[in-house]
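Structural features, examined
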Amino acid sequence: MEIRIEQASLHWQQHCVFTDLNLTLPAGQWTSILGQSGVGKSSLLQLLCGIADDADIRGRIQCSDGLPLEGRVAWMAQQDLLLPWLSLRDNVLLAARLTQSRSASTEQRELALYLLQQVGLGERADALPAQLSGGQRQRVALARTLFQDKPLVCMDEPFSALDAINRLKLQDLAAELLADRTVLMITHDPLEALRLSNRILVLQGSPASLSAPLLPAGATPRPVSDPQVLQQQAQLLTLLAETVT
Amino acid sequence: MMRWLRPVIITLGLMLLWQLIVWLTDAPHFILPGPLRVLETLIAQFPLLMKHAGITLAEILLGLLLGTLLGLISALSLVTWGGLRRWLMPVLVVSQAIPVFALAPVLMLWLGYGMASKVAMATLIIYFPVTAACFDGLRQTPTGYLQLARTLGANRRAQLLQIRLPAALPAFGSGLRVAASVAPIGAVVGEWVGSSTGLGYLMLNANARMQVDLMFAALMVLAVMALALYFSVNLIARRLTPWLQESTSSTTRGDSQ
Ligand SMILES: Nc1ncnc2c1ncn2[C@@H]1O[C@H](COP(=O)(O)OP(=O)(O)OP(=O)(O)O)[C@@H](O)[C@H]1O
Ligand SMILES: [Mg+2]
């Protein structure tokens, strides 16, 4: 499912984050957005997920199938947003708990446990979030996002709290599990964007606008040693640095 | 070990201080009886004290139950219906300008000298603190939780029951603790204003007949009751929020380590 954002503008009170922004998320492709802190990346994601209540929003969001996008987006926020009173397993199952009147089915519980195992927390399924480190919490949040079976997946810096090794591992996991979904990922890490994405854009300026997309070739996830990845990383860093001036 | 020893030491210390004051001021026993004398009376009059204590306890517990339920229901309705909130909130705040104690005679007039008026006093005195605590708790749900719930497709009912209500439990717990500490005041004041049973009545009656030691014995029973009530409610409140860790919440829970 392709999603098009047309002529979108967003203001927080009087502060204008962006105006007349156009963004196309091609069906089944992984799009990444980079940009400096405070430029409006998270705001853009909230606009797409329909949860930017306090903001003044204009513009259209269109899906290729003509239906509204509402209810068809999975959102992984910049904070993990784990509910402190639920165990890890129940946090992953949250979508099922909130929408079904009956308790989660056996398949759902198995899927939740499987995902927790995949992010390396299978043994802690019954622990409470307060007992976890920041990176562990982020992994649970990733599992919760993967549990939702939505056509569009929006992730706000999903691997930011992880160490280099776990980061690569979870990038591979996400790439595998989200293989033919439409994904929008926000990141501060050019390497991460280059490993996973089909399209990379930079959000810059105030009010912010999107750069022309960078289109890395080849199948994802790309190996870190790929010369093309390394070369484009330099190119991206230059592009990002330009926005300072 | 120290955990259990400390209250005992504190109690003994207070008793000693009390006895010291009696010795130093040389007060006659009908003005300030010593702790031993009061203990003697306590044992001698135990059945009488327990009979009245039972009634006061029943009033306090009923008031606590009613006040908490009413407070919880009010808070829930206030957050659910915005229109209601705009009209009822000012009324609630203005109602706090009337001291509950000033209402005691009116309550006697309407509800009679029996238990009903005391239960009403206890209910009224805790209603506002419980409502305010629950209302604040329900309103201050982190926006991120609610945004997440919405992207997960939760309707308003699920958001209220599964996100806002659990998120408000710590606030509800502190409301309960306040309620447990003020409910006895409501019941006893009600008994002072007019009744023929209860510890408040017993104290007034003993005072009038110069049985100061009986008055003090009743006071002790009341204090023990209030303490026991507070600690049981504290325990319940902690059971409600098992995810709060000791280290972060021991100060807000009034918890002794
Ligand atoms: N809820 C809000 N209310 C008011 N202003 C907001 C709100 N959220 C964000 N802003 C403002 O909008 C601008 C963009 O914020 P946003 O969170 O989108 O940045 P970001 O690009 O995600 O930054 P970072 O990389 O640090 O997460 C900032 O100037 C911020 O102050
Ligand atoms: Mg952000």
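Residues numbered from 1 in each chain as written. Chains lettered and ligands numbered in written order. Predicted model: local features only at pLDDT ≥ 70, side-chain atom pairs only at ≥ 80, totals over all residues. Heavy atoms only, no water.

**Considering the packing of helix H3 (residues 46-80) of chain B against helix H10 (residues 212-240) of chain B**
Residues and elements named next belong to chain B. At their nearest, the axes of H3 and H10 sit 11 Å apart, and the two run at 35° to each other. Both H3 and H10 take part in a crossing whose hand is right-handed. Taking contact as the criterion, the partners of Leu48, Leu49, Met50, Ala53, Thr56, Leu57, Ile60, Leu61 and Leu64 in H3 are, on H10, Leu214, Ala217, Ala218, Val221, Leu222, Met225, Leu229 and Val233. Split into classes, the residues belonging to the contact of H3 with H10 amount to 16 nonpolar, 1 polar and no charged. (Axes fitted to C-alpha atoms, helices over the stretch in contact; angles between N-to-C directions. Helix = DSSP H or I, 4+ residues; strand = E, 2+ residues; numbered from the N terminus. Left-handed = near helix turned anticlockwise from the far one by under 90°. Contact = heavy atoms within 4.5 Å. Nonpolar A, V, L, I, M, F, W, Y, C, P; charged D, E, K, R; others polar.)

**With respect to the UniProt feature "transmembrane region" (unreviewed entry) in chain B**
Residue and element names in this part refer to chain B. In this structure's numbering, the residues bearing the UniProt feature "transmembrane region" (unreviewed entry) are residues 57-79, 91-113, 119-138, 167-194 and 214-237. Between the end C-alpha atoms of residues 91-113 there is a gap of 29 Å, over a span that is 74% helix and 0% strand. Each end of residues 119-138 is marked by a C-alpha atom, and these two atoms are 27 Å apart; helix forms 100% of the span and strand 0%. (UniProt positions renumbered as here; feature names shortened; annotations may be inferred.)

**A look at the pairing of strand S7 (residues 182-186) of chain A**
Residue and element names in this part refer to chain A. In terms of burial, S7 is a largely internal element, 5 of the 5 residues being buried. Residues Thr182, Leu184 and Ile186 line one face of S7 and the alternating positions Val183 and Met185 line the opposite face, and both faces are buried. By the bridge criterion, 4 bridges tie strand S3 (residues 30-35) to S7 in an arrangement that is parallel. Opposite serine 32, over in S7, you have methionine 185 as the bridge partner. When strand S6 (residues 152-156) meets S7, the two strands line up parallel, connected through 5 bridges. Residue methionine 155 lies in a different strand from S7, and its bridge partner there is methionine 185. The parallel pair S6 and S7 is bridged by helix H6 (residues 164-177), and the resulting crossover is right-handed. (Buried < 20%, exposed > 50% of the residue type's maximum accessible area, 1.4 Å probe, protein only. Pairing = 2+ DSSP bridges. Right-handed = clockwise from strand over helix to strand, strands pointing away.)

**A closer look at the UniProt feature "domain: ABC transporter" (unreviewed entry) in chain A**
UniProt's feature table lists "domain: ABC transporter" (unreviewed entry) at residues 3-230 of chain A, given in the numbering used throughout. Across residues 3-230 of chain A, the secondary structure splits into 32% helix and 25% strand, with the terminal C-alpha atoms separated by 30 Å.

**Topic: the domain arrangement of chain A**
Residue and element names in this part refer to chain A. Split into domains, chain A comes out as domain 1 (1-72 + 150-245) and domain 2 (80-149). Across the domain 1 to domain 2 interface the summed buried area is about 1200 Å²; carbon plus sulfur atoms make up 65%. The largest share of the area that domain 1 buries against domain 2 comes from Lys150, Leu170 and Leu173, three residues that together contribute 37% of it. Counting every contact that joins domain 1 to domain 2 gives 1 salt bridge. In this structure, aspartate 149 engages arginine 181 in a salt bridge whose closest nitrogen and oxygen atoms are separated by 2.7 Å. (Domains from an automatic or database assignment. Buried area = accessible area lost by both parts, 1.4 Å probe. Salt bridge = Lys/Arg side-chain N within 4 Å of Asp/Glu carboxyl O.)

**Observations regarding the packing of aromatic side chains**
Residues and elements named next belong to chain B. Scanning all chains against the criterion turns up 4 aromatic pairs over all chains. Look at tyrosine 230 and phenylalanine 231: their rings are 5.7 Å apart centre to centre, the planes differ by 80°, and that puts the pair in the edge-to-face class. For phenylalanine 231, a relative accessible area of 45% gives the class partly exposed. Geometry around tryptophan 4 places arginine 3 over its ring, the cationic atom sitting 5.9 Å from the centre. (Phe/Tyr/Trp six-rings, centres within 6.5 Å; stacked < 30°, edge-to-face > 60°. Lys NZ or Arg CZ within 6 Å of the ring centre and 35° of its normal.)

**Some words on the site of ligand 1**
Residues and elements named next belong to chain A. Near ligand 1 you find 15 residues, and of these Ser37, Lys41, Ser42, Ser43 and Gln78 are the closest. In this structure, an oxygen atom belonging to ligand 1 sits 2.8 Å away from a main-chain N or O atom of glycine 38. At 2.9 Å, a side-chain N or O of histidine 188 approaches an oxygen atom of ligand 1. Isolated, ligand 1 exposes 620 Å² of accessible area, and the fraction of that covered by the protein chains is 66%. Mapped by element, the contributors of at least two residues to the shell around ligand 1 are strand S2 (15-25) and helix H1 (41-49). Top element by residues in the shell around ligand 1 is H1. It accounts for 3 residues. (Near = heavy atom within 4 Å. Polar contact = N/O pair within 3.5 Å; in protein donor to acceptor, adjacent residues only side chain to side chain. Areas by Shrake-Rupley, 256 points an atom, 1.4 Å probe, with all protein chains shown as cover.)

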